[in-house]
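The chain contents come next:
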Amino acid sequence: MLMVDLNALGRLGFGAAAIGNLYRATPDEEAAATVRSAWDSGLLYYDTAPHYGFGLSEKRLGDALAEIDPDQRAIVSTKVGRRLDPVEPGTDLSVARQAFVTPEPFESVFDYSYDAVMRSYEASRARLRRDRIDILLAHDIGRVTHGDDHPRRFAEFMEGGYRAMRELRDGGAVDAIGLGVNEYQVCEEVMAVGEIDVVLLAGRYTLLEQEALETFLPLCERRDVKIVLGGPYNSGILARGVRGGGELHYNYEPAAPAIVARVGAIEDLCVEHDVPLAAAALQLPLAHPQVISVIPGLNSADQVAQAVALIQTDIPPALWRDLKDRGLIRADTPVPDSITL
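About the thresholds
- Residues numbered from 1 in each chain as written.
- Predicted model: local features only at pLDDT ≥ 70, side-chain atom pairs only at ≥ 80, totals over all residues.
- Heavy atoms only, no water.
- Helix = DSSP H or I, 4+ residues; strand = E, 2+ residues; numbered from the N terminus.
- Rg over C-alpha atoms; globule rule 2.2 N^0.38 Å.
- Buried < 20%, exposed > 50% of the residue type's maximum accessible area, 1.4 Å probe, protein only.
- Contact = heavy atoms within 4.5 Å.
- Areas by Shrake-Rupley, 256 points an atom, 1.4 Å probe, with all protein chains shown as cover.
- Pairing = 2+ DSSP bridges.
- Core = buried A, V, L, I, M, F, W, Y, C linked by side-chain atoms within 4.5 Å.
- Axes fitted to C-alpha atoms, helices over the stretch in contact; angles between N-to-C directions.
- Parallel < 35°, antiparallel > 145°, perpendicular 65-115°, else oblique.
- Left-handed = near helix turned anticlockwise from the far one by under 90°.
- Lys, Arg positive; Asp, Glu negative; His and termini not counted.
- Salt bridge = Lys/Arg side-chain N within 4 Å of Asp/Glu carboxyl O.
- Polar contact = N/O pair within 3.5 Å; in protein donor to acceptor, adjacent residues only side chain to side chain.
- Phe/Tyr/Trp six-rings, centres within 6.5 Å; stacked < 30°, edge-to-face > 60°.

Explain the overall build of the protein chain to me, please; I cannot follow it from the model alone.
What the protein chain contains, in helices and strands, is twelve helices and twelve strands. By the compact-globule yardstick of 20 Å for 341 residues, the protein chain fits well, its C-alpha radius of gyration being 19 Å. In terms of overall dimensions, the protein chain has C-alpha extents of about 55 × 45 × 40 Å along its principal axes. Across the 341 residues that make up the protein chain, the buried fraction comes to 56%. Excluding contacts between residues fewer than 6 apart, the proportion of contacts in the protein chain whose partners are at least 24 apart in sequence is 76%. Accessible surface computed for the protein chain: about 14200 Å², of which carbon and sulfur atoms make up 50%.

Help me understand the pairing of strand 12 (residues 291–295), please; the structure alone is not making it clear to me.
Remark: a regular strand shows side chains that alternate across the two faces of the sheet. The buried fraction of strand 12 is high, at five of five residues. In this sheet, strand 12 lies alongside strand 9 (residues 226–230) in parallel orientation, the contact comprising four bridges. Bridge assignment links Leu229 to a residue of strand 12, and that residue is Val294.

Hey, could you run me through the environment of Leu201 in this one?
Among the structural elements, Leu201 can be located in strand 8 (residues 198–202). For the pair formed by Leu201 and Arg24, sequence separation is 177 residues and the distance between their alpha carbons is 24 Å. Leave out the neighbours within four places in its chain, and Leu201 touches Val181, Asn182, Glu183, Tyr184, Phe216, Ile227, Val228, Leu229 and Gly230.

In this structure, what is going on with the nonpolar core? I would like to understand it.
One broad rule of soluble globular proteins: the nonpolar side chains tend to lie buried together. Core analysis: the largest hydrophobic core is formed by 91 residues, its most contacted members being Phe14, Tyr46, Phe157, Leu207, Phe216 and Ile237. Broken down by element, the residue count for this core peaks at seven residues, all from helix 5 (residues 150–170). In this structure, Leu9, Ile135, Val198 and Val228 belong to the second largest nonpolar core, which totals 13 residues.

Explain the sheet that holds strand 8 here, please?
Consider a sheet: its strands pair through backbone hydrogen bonds, and that pairing is either parallel or antiparallel. Strands sit in the order 1-2-3-6-7-8-9-12 across an open sheet of eight strands; the sheet is parallel. Two strands close off the open sheet at either side, each with one partner strand: strand 1 (14–15) and strand 12. Looking at chain direction, strand 8 and strand 9 are connected through five bridges and run parallel. For Ala202, the partnering residue across the bridge sits in strand 9 and is Gly230. Against the sheet, helix 5 contacts strand 3 (75–80), strand 6 (133–139) and strand 7 (174–181), and its axis sits at roughly 150° relative to strand 7.

Is there a simple way to explain the environment of Pro86 in this structure?
Among the structural elements, Pro86 can be located in strand 4 (residues 82–86). What makes Pro86 exposed here is its relative accessible area of 59%. Counting along the chain gives 18 residues from Pro86 to Glu104, while the straight-line C-alpha distance between them is 9.1 Å. If near-sequence neighbours (up to four positions away) are discounted, Pro86 is found in contact with Pro105 and Phe106.

Please clarify how the packing of helix 5 against helix 6 (residues 185–193) should be interpreted in this entry.
Between two packed helices, what matters for the description is the angle formed by their axes and the separation of those axes. Where helix 5 contacts helix 6, the two axes come as close as 12 Å, and the packing angle between them is 45°. Classed by the angle they form, the pair helix 5 and helix 6 counts as oblique. For the pair helix 5 and helix 6, the sense of crossing is right-handed. Seen from helix 5, the contacting residues are His150, Phe154, Phe157 and Met158; seen from helix 6, they are Val186, Glu189, Val190 and Val193.

It is not clear to me how the side chain of Asp322 should be interpreted in this structure. Could you clarify?
Of note, Asp322 is situated in helix 12 (residues 317–325). No salt bridge is formed by the buried Asp322, whose closest oppositely charged neighbour, Arg321, lies at an N-O distance of 4.3 Å. At a separation of 2.8 Å, a polar atom in the side chain of Asp322 contacts the side chain of His273. The contact partners of Asp322, leaving out residues within four places of it in the chain, are Leu269, Glu272 and His273.

Would you mind showing me how to read the packing of aromatic side chains here?
In this description, an aromatic ring pair is defined by two values, namely the gap between the centres and the angle between the planes. Per the stated rule, a full pass over the model turns up seven aromatic pairs. With a centroid separation of 6.0 Å and 20° between ring planes, the pair formed by Phe110 and Tyr112 is classed as stacked. A relative accessible area of 0% places Tyr112 in the buried class. The rings of Phe110, Tyr112, Phe157 and Tyr162 are connected pair by pair, giving a single aromatic cluster.

Quick question: what am I supposed to make of the pattern of salt bridges here?
Proximity of charged atoms lets side chains of opposite charge pair with each other. According to the stated counting rule, one finds 27 salt bridges in the structure shown. The partner of Glu195 in a salt bridge is Arg166, with the nearest N and O atoms 3.7 Å apart. Here Glu195 is found in the loop between helix 6 and strand 8, whereas its partner Arg166 is found in helix 5, with 29 residues between them in sequence. Its relative accessible area of 25% is what places Arg166 among the partly exposed residues. One connected set of salt bridges, linked through shared partners, spans Arg166, Arg169, Asp170, Glu195 and Asp197.

Quick look at the structure:
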């Protein structure tokens, strides 16, 4: 029986990769102010991982919440599946490593074994300065990530790490377990042989992508598996649009011409209806009954304020109707009536 009510996460949550110095260094004070702004804005759910800054994100989130949430009312998820190993002597910590510019003298290495997951859980709890972790997610399992090594990694997880996660949940150390992934297919693989409570799915059910409606989301409905939607902007292209120039990214890579054209058509319709593209991107996933929260990455108090405003933006039903009529979203895509925090 779950102690945390997954439906109580709030429609807007906090993705904490950025405060782990994703792509650029962020001062400690700025990271703390970002978390405080989110808390003051009513956000209750915070997601992090050891991989984010090699412990830096968890430390910063833990320090901030210890000050502003001493009763530990916030709902926190973190991840397992990557252990933190010391870097080689002489490693330059001032440059990006695995996309993070962090002073932490570690690197992350995939390890889904039983012992690694148990050690990772305890280390995360210490960095987060919390009595318990509410939600524990297996990080980046899947064929897209591991390629030909996927079968071995999958077996390592199901025979080791998954067993550890079940023990932690069934023993009451965590409230819910699941996956934090960029691909839904591996979720279907896990659900075929195991039981999970929640999936943090990054980028695979968005204003640009609704393929998950075919098999994955119906399976989640049947199994009552909840979805947290990460990466709602598909690496930024749905946040900034394509009309302003500059380099455009989709799914962590330069956007292909077909993606740019599709986003441009969606953006034109949003302009026609006087709706920010980013507002439509944040709100669309929340219309599906299994999606309980959307968690954009936030790296400043201004971004927090912007996300809160976007999630509360009134969007006319005509926009959703026009998107469907022009084939820009699937005809069977659930669309919002209204969104509240």
